[in-house]
Amino acid sequence: MLKFVKNHLETITGIEIYPLISLVIFFSFFVALFWWVFTAKKDYINRVSRIPLDENIKF
């Protein structure tokens, strides 16, 4: 089954760019997430972490 798929994908022209695009999207998502985690305000993180325990929290 895998041999059939591999042979079929090798016949498509321009297919080489898709793994590169997916790697760039994956890498940029995690870089952005990493940046957001380190720049988030501590007050916001504490308030959001208490949401499951606090019944009367307002946003």
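This is a predicted model, so every value here is computed, not measured.

Draft legend 1. Quick peek at the environment of K41. Looking at the secondary structure, you find K41 in the loop between helix 2 (17-39) and helix 3 (42-49). Along the backbone, K41 and P19 are 22 residues apart, and their C-alpha atoms lie at a distance of 35 Å.

Draft legend 2. Summary view of the environment of I51. In this fold, I51 is placed in the segment after helix 3. The partly exposed category is assigned to I51, whose relative accessible area is 32%. Separated by 28 residues in the primary sequence, I51 and L23 have C-alpha atoms spaced 34 Å apart.

Draft legend 3. How the structure looks around the environment of S49. In this structure, S49 sits in helix 3. Within the structure, S49 has its side chain in polar contact with the backbone oxygen of N46 (distance 2.8 Å).

Draft legend 4. Expanded view of the packing of aromatic side chains. What the rule picks out here adds up to three aromatic pairs. Both rings, one in F34 and one in F38, keep their centres 4.6 Å apart while their planes meet at 65 degrees; by these two values the pair is edge-to-face. With F34 and F38 both in helix 2 and four residues apart, this pair spans about one turn of that helix. Accessibility classification places F34 together with F38 in one group, the exposed group. One aromatic cluster is present, formed by F26, F29 and F30 through successive ring pairs.

Conventions we followed
- Residues numbered from 1 in each chain as written.
- Predicted model: local features only at pLDDT ≥ 70, side-chain atom pairs only at ≥ 80, totals over all residues.
- Heavy atoms only, no water.
- Helix = DSSP H or I, 4+ residues; strand = E, 2+ residues; numbered from the N terminus.
- Buried < 20%, exposed > 50% of the residue type's maximum accessible area, 1.4 Å probe, protein only.
- Polar contact = N/O pair within 3.5 Å; in protein donor to acceptor, adjacent residues only side chain to side chain.
- Phe/Tyr/Trp six-rings, centres within 6.5 Å; stacked < 30°, edge-to-face > 60°.

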